[in-house]
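So the chains spell out like this:
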Amino acid sequence: MNKLFGFTPLLLATLVSNASAEMVGLDEASLEAVNGQTGIGINIDKLINVGSITYSDNNGTTGGALQLSNIKIGSPSDISTTAAHSQHLIDVDGIDGLFIDSLFDATRIEVGDISVGSHIGSRSMGQFAFEFEGTNLLNIADGDPTGFKITSTSNLLNSSFEWATNGNAFKVEGMTIDNALTDAIFEEKDIGSGITALVIDIPSYSSDVMISAACLTASGTDCSAGNSFGSFSRSMHLSNSYIQMYGGGREDLGLTMNMHFEFDTSVNDTGDGNFTSYTDESTVKFAKQSGAIDITGFTFDIGTAEANIGDHIWTQFDQASGNFKVGDIDIAGSSVGEFEMIFDFANGTHDTVDYVNKTLIAPGVAFAAQNLDTTHIFMTEFYNKVSNSSDGISVYNEWNLNADFIYTDDSYSIQLDNYQTYGSGYVTLDMRSGAANSIDSSNGAESFLAIGIKDYQVNYSFDGLKIGDDSSQLQTGYELLGFSPEASFTMNAGIEIRSGGANGSGATFDGDVLLTNANFGITKNTVSGNGIYLDDAIYEFHFRDVTLDVDPAGIQLVLGELWSEFTINDVRFGDKASGSSLGALVINQYQTGSKVTISGGGAGTAKCVGGTGTDLATCDGNWIDTGTQGLTIKAQSILQQRNGEKENSVAWVTNRTAGDIASGTSMTIDNIYTSDGYDDVTNTHGIQTTTSIDVAKTRVLKKTTGVDSNGISGNAGDELIISGPGITDYAYVDPATADKTNRPEGLILSNNVMIKELNIESVQMLHPNALGVPDTMIHGMKLQNLNMTSTLSVTPIR
Amino acid sequence: MRSRDIDAATDDFGGDETSADGKTVLEIGLPSELKFDNFSYSYATSSQARPTDTGYQQQTRFGVELNGSVQMQGNLLVFPTGNP
């Protein structure tokens, strides 16, 4: 491997002249605490200023340079004039090796700019700073039989991280970081295929991180109680992991790594084990994490001349496969259940296009100041807030993934089967501030993260649901959850995120989103691929002042103002692109003040549906016990009356010429809105829905006498009783003698809808020869005082 | 509920399958039984849009009350025809 590190002599001289160290007397007591009775104590006062550090993998034909410039190390009180102090006690033991016991006083490390290739000097990823104080105990011993054995324990506190662009920063503060690497073996090894690599075997590693606040703020200022996303905690324990590193990237020079990481699940036996948590007014916790990941062929290169982001950091891997499981998802003290993802990121080909898993990262905002009106005027306005020289990060991402997602509720599992996704696109990230730079002029002077999404082409599909395990029968039911079994679209968006929610910490969102060239499946036959599809669709979606908080009721989304237009040129039956069309649909939505609350626990009831009885034995209907886990979504949708072009309406268009919506005959359900029923002004109730999602045992009765699609015979009215895990391991038996404890499992949807008043101003017909003047077919419809409760159990069609 | 590809050679809807041969349809299986327990509604007209409006008067035209069960068989098939 031939690396070029570009320390210029001048900068090296600066480093040497500004760094100072002095000999001090031995601290005998501290040395005794480490090992042995002798050693060396070193005090270092660091005041370091480095002009730049350059990494290059340029071989004359490929590759380029990555430069970190204006690097400073010093005291947080004044990094330019005050040194950061640290103390290091060094001891060598004949048996246990070298010990270095370090104590770091408050230290700040700054990187003034990070840039790549031709961007150096003109565009930067921004400024980065890390502050810390704490201790580290490092032991380097003989690796036996080869290499070095390293054990390291570090405890950092009062730490903070800041990423700043354009005078605004994303800041993480109040960090406590405790890491422990135990008996890691560093050695040079032959890993096959003629490759010698540095191999790091990691038998045990633990990392505990606590963050008291994270926010978006003016650079150099701290987070506050009302301006914070909240606090975060993470505890991760790994075992039996390794990293292999060797020279050579995807293009000649560079770096290649193979890695294996797996969670140490022994810590999950008590408490939360491996966990991640986010705390606002209440906590969302992902506890008892387990799983493993193998990454092969991960490469690091400097790439050049990407069409939109130019020179860039180029990371790519051949394959990343494994599983990740969260043993308990908890929202505000209520359990949702378990979640597991089995994944395989690997190269793939779709419609003759090859997809790999790579991420290209470049400095600056790639689409700054460009005219993007051909995509949408909101994209031009979003990127006109920054210039070609603005700091930021631009990313090009390409992926190909196959996965299964498994959700387990009270020990009953449901699987989203054979999920496949691939695509590519651009994302830009930068921080801005002020109403003039915002897509919503009513915003204040606060700092915000601006996320631009450009030409993001997304494709995904899944086969269906399986209740039980991978050997269970495939079924639908995803339609009732709002999942599309197959979709493809191109996404462009400008999104702003602010720290602070509706109440104290949290997050606030504004955004404009456009999906084009879209095709969404409603339901499909997995074998033939035929189904019902929304084809040639355009979905334009806008949201303002959407807040996210977590409080004792759960995850709270207050939706501010939403408006959208969903134009579906063809509702197709059959092939997704050429099936018979039902015509076009144009759906407009306009809401203000709507809310969504997501909480754990599910329906949390045991009840006799469609019969009477107080338990499984006495219930003569369908006894459904949803247990203590599950998911509940409460929504309040307040539909507003027409306001300019914002409205709630549904238009169905047929009889078109060449599929042109304007040439067709339309029927429009116009100006749909809610009210409280007293007048047309008061509108606080809206449509209130409570939907609980559970997996539980349910009753299934045979509909017709004869043999079903699996070859199992029975009489109409017989009850399906499970006898084993296989698809055909069941029988239809007389309900009077059925063993109810072996009923099949199903997806249980418990739903309640409440409406005080839903208004439709008119139903209109418009003929193309009417020159845009519709005829009113029905003038005024009102639905009042609806309160409907339902329980749906979803099982395979047999 | 599912999407279903109709094949007149194997599907039998009493002859109706020929008109849907080769089409993909939305199949909604009818429930075997619908049970009604004190299901009722009234159809009424009123002089004003809202009960709170001045001079509001309502006249019930007819009422329906249902008790019992309805047995059902078969599927509802939905598919497009005509010029979209």
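See the structure shown above.
Predicted model only: the values in this text are computed from it and were never measured.

Residues and elements named next belong to chain A. Evaluated as defined, the whole model comprises two disulfides over all chains. Here cysteine 215 engages in a disulfide with cysteine 223; their sulfurs sit 2.1 Å apart. Disulfide cysteine 215 to cysteine 223: torsion about the S-S bond roughly -85°, handedness left-handed. There is no split in this pair, since cysteine 215 and cysteine 223 are both buried. Each sulfur of the disulfide joining cysteine 608 and cysteine 619 lies 2.0 Å from the other.

Before going further, it helps to examine the interface of chain B and chain A. Residue-level contacts link 20 residues of chain B with 31 residues of chain A. The contact between chain B and chain A buries some 1,900 Å² in all, and 50% of this surface belongs to carbon and sulfur atoms. Contact with chain A buries surface across chain B, with Arg50, Pro80 and Pro84 of chain B losing the most and accounting together for 33% of the total. Here chain B is connected to chain A by two salt bridges.

Here we take up the packing of aromatic side chains. Residue and element names in this part refer to chain A. What the rule picks out here adds up to 28 aromatic pairs over all chains. Here the aromatic cluster, defined as three or more aromatic residues joined through ring pairs, consists of Phe489, Phe520, Tyr539, Phe541, Phe543 and Phe566. One residue, lysine 646, lies across the ring of tryptophan 563, its end atom 4.1 Å from the ring centre. Over the ring of tyrosine 732 we find lysine 702, and its NZ or CZ is 5.3 Å from the ring centre.

Now for the sheet that holds strand β5 (residues 75-78) of chain B. All names here are of chain B. Strand order in this open sheet of three strands is β1-β2-β5, and the pairing throughout is antiparallel. In this open sheet, the two edge strands, each paired with only one partner strand, are β1 (2-5) and β5. Adjacent strand axes in the sheet meet at a mean angle of 40°, parallel and antiparallel pairs treated alike. In this structure, β1 lies alongside strand β2 (residues 24-29), joined through four bridges in antiparallel fashion.

Residues and elements named next belong to chain A. Here asparagine 648 shows up in the loop between β37 (631-637) and β38 (649-654). For asparagine 648, a relative accessible area of 3% translates into the label buried. Within the structure, asparagine 648 has its side chain in polar contact with the backbone nitrogen of tyrosine 590 (distance 2.8 Å). Once you skip the residues sitting within four places of it in the chain, asparagine 648 turns out to touch Asn588, Gln589, Tyr590, Leu639, Gln640, Ile669, Asp670, Asn671 and Ile672.

What counts and how
- Residue numbers run consecutively from 1 along every chain, following the written order of its sequence.
- Following the order in which they are written, the chains are lettered starting with A and the ligands numbered starting with 1.
- Under the rules for a predicted model, residues below a pLDDT of 70 receive no local features and side-chain atom pairs below 80 are neither given nor counted, while totals for whole chains, interfaces and linings still include all residues.
- Hydrogens and water molecules were not included; the side-chain quantities draw on all heavy atoms of the structure.
- The term disulfide is used for any two cysteine sulfur atoms that are within 2.5 Å.
- With a 1.4 Å probe rolled over the protein chains alone, any residue whose accessible area is under 20% of its type maximum counts as buried; one over 50% counts as exposed, and the rest are partly exposed.
- Residues count as neighbours in contact if any of their non-hydrogen atoms are within 4.5 Å of one another.
- Values labelled buried area give the accessible surface lost by two parts on being combined, using a 1.4 Å probe and summing over both.
- The working definition used for a salt bridge is a side-chain nitrogen of Lys or Arg within 4 Å of a carboxyl oxygen of Asp or Glu.
- The aromatic pairing rule takes the rings of Phe, Tyr and Trp, using the six-membered ring of Trp, and pairs them if the centres are within 6.5 Å, calling planes under 30 degrees apart stacked, those over 60 edge-to-face and the rest tilted.
- Counting as a charge over the ring demands two things of the Lys NZ or Arg CZ atom: a distance within 6 Å of the ring centre and an angle within 35 degrees of the ring normal.
- Here a strand pair is declared whenever DSSP counts at least two bridges between the two strands.
- Note on conventions: DSSP H or I runs of at least 4 residues are helices, E runs of at least 2 residues are strands, and numbering of each starts at the N terminus.
- Structural elements are reduced to axes, namely lines fitted to C-alpha atoms, with helices fitted over the stretch in contact, and the angle between N-to-C directions of any two is expressed from 0 to 180 degrees.
- In protein, a polar contact requires one atom able to donate a hydrogen and another able to accept it; more generally it is a pair of N or O atoms within 3.5 Å, and residues adjacent in sequence count only if both atoms are side-chain atoms.

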